[in-house]
Every structure is written in C-alpha cells, then in structure tokens.
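# Coordinate analysis (summary)
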Amino acid sequence: MVVAFRLVYLCAALLSVAAGALVIASFFIPDRAPQGTEFLGIHLAVGAVFLGVSVLLAGIQRDVAGIAVLAAHGHVGETAQRLAAHLSRLLVYLLAGGAFLCALFGALTYGILERIDQGFAVFG
C-alpha cells in the first residue's frame with residue numbers, strides 16, 4: 001500500500017507542477033497574450049499556488065511513507081500493532097484523497113492545455 005501511496009502522490013505532485021508551469025507559460029503565447037501587468041501577476045500567483053501545492057504533496061508523500069516504513073520494520077509489540085492499524089487507515093484515507101487530487105489536477109491540466117491549444121492564455 002505504501003508503494004501505491006507514493007505513486008499516487010508523486011503523480012499528483014507532478015500534475016500540479018505541470019499545471020503551474022503551463023499557467024505561467026500560457027501568458028507568453030505570442031498571438032493573443034493579454035496586455036497588462038495585472039494579468040502577469042495573476043498568472044504568476046496561480047502558478048505559484050500550483051507549485052506550492054506540489055511541494056506540499058511531495059512532502060506529505062515523503063514523510064508519511066517514511067513513517068509507514070519505520071512502523072512496519074522498526075518496532076515489535078502491542079503498541080506497534082496498534083500504531084500499524086491506525087497508520088494503515090491513515091494511508092487509506094490519504095490514498096483516497098491523493099487519488100482525488102490526482103484526478104483533479106489531471107482535469108485542470110487538460111483544461112489548461114485545451115485553452116492553450118485554442119491560442120489563448122489561461123487568464124485574460
């Protein structure tokens with residue numbers, strides 16, 4: 001389950017990076033780029049939010065997977081078994097949330113690509 005958790009969160013983080021980079025890149029489309037600094041600010045702010053979310057997802061993926069590995073291989077006893085039960089439920093919840101985020105970021109990235117394909121910036 002830890003491997004699936006790592007893969008889902010890595011996918012969500014990479015899709016968030018792609019969405020952020022595409023939002024920023026869409027401002028520089030030569031044909032129909034919006035004129036004005038407020039549009040540049042909006043593109044940079046939204047791109048920074050996507051990049052920040054990707055850093056957050058990568059951190060969650062790294063730390064929770066590390067805790068799961070330590071709990072599985074580090075301790076023996078009743079406390080470790082109770083911790084493992086709670087940790088497996090936490091992984092299931094986080095895996096479901098990560099799958100939702102992965103689908104959401106996939107749809108957002110697809111929408112951004114469609115907007116760029118039409119020759120427009122994402123905002124403006």
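Here, the structure is the one placed above.
In this report, the structure presented in the accompanying data block is examined. In this text, all values refer to a predicted model and were calculated from it rather than measured experimentally.

### Section: the overall build of the chain
Scanning the chain from terminus to terminus reveals three helices and zero strands. Going from the N terminus to the C terminus, the chain shows its helices and strands as α-α-α. Its C-alpha atoms give the chain a radius of gyration of 19 Å, more than 25% over the compact-globule value 14 Å for 124 residues. Within the chain, buried positions represent 27% of all 124 residues. In the chain, the proportion of contacts linking residues at least 24 apart, taken out of those at least 6 apart, comes to 80%. Total accessible area on the chain stands at roughly 7500 Å², and carbon and sulfur atoms take up 72% of it. Each charge sign in the chain was given a centre, from 6 positive and 6 negative side chains, and these centres are 12 Å apart.

### Quick word on the nonpolar core
In this structure, Phe5, Tyr9, Ala12, Phe50, Leu57, Leu91 and Phe105 are the most contacted members of the largest nonpolar core, which totals 18 residues. Among the elements of the structure, α1 (2-26), α2 (37-74) and α3 (78-117) are those that each provide at least two residues to this core. Ranked by the residues each element gives to this core, the list is headed by α1, at seven residues. Apart from residues lying up to four places away in sequence, tyrosine 9 is in contact with Leu57, Ile60, Gln61, Leu94 and Gly98.

### Observations concerning the side chain of serine 26
Tracing the chain through its elements places serine 26 in helix α1. Among the polar contacts listed, one links the side chain of serine 26 to the backbone oxygen of valine 23, at a separation of 2.8 Å. With residues up to four places along the chain from it excluded, the contact list for serine 26 reads His43, Ile116, Ala121 and Val122.

### Topic: the environment of glycine 77
Examined against the element boundaries, glycine 77 turns out to sit in the loop between α2 and α3. With relative accessibility at 30%, the residue glycine 77 sits in the partly exposed group. As a C-alpha pair, glycine 77 and alanine 25 span 52 residues in sequence and 53 Å in three-dimensional space.

### Regarding the side chain of serine 54
Examined against the element boundaries, serine 54 turns out to sit in helix α2. Accessibility expressed as a relative area gives 6% for serine 54, which makes it buried. Ignoring any residue separated from it by four or fewer positions in sequence, one finds serine 54 in contact with Ala13, Ser16 and Val17.

### Comments concerning α3
An ideal rise of 1.5 Å per residue puts 58 Å on 40 residues; α3 measures up with 57 Å between its terminal C-alpha atoms. Buried within α3 we find Ala80, Leu87, Leu91, Gly98, Cys102, Phe105, Thr109 and Ile112. Note on α3: the residue one or two positions beyond its end, glycine 119, has a positive phi of about 95°.

Scoring rules and cut-offs
Residues numbered from 1 in each chain as written. Predicted model: local features only at pLDDT ≥ 70, side-chain atom pairs only at ≥ 80, totals over all residues. Heavy atoms only, no water. Helix = DSSP H or I, 4+ residues; strand = E, 2+ residues; numbered from the N terminus. Rg over C-alpha atoms; globule rule 2.2 N^0.38 Å. Buried < 20%, exposed > 50% of the residue type's maximum accessible area, 1.4 Å probe, protein only. Contact = heavy atoms within 4.5 Å. Areas by Shrake-Rupley, 256 points an atom, 1.4 Å probe, with all protein chains shown as cover. Lys, Arg positive; Asp, Glu negative; His and termini not counted. Charge placed at Lys NZ, Arg CZ, Asp CG, Glu CD. Core = buried A, V, L, I, M, F, W, Y, C linked by side-chain atoms within 4.5 Å. Polar contact = N/O pair within 3.5 Å; in protein donor to acceptor, adjacent residues only side chain to side chain. Expected span 1.5 Å × (residues − 1).

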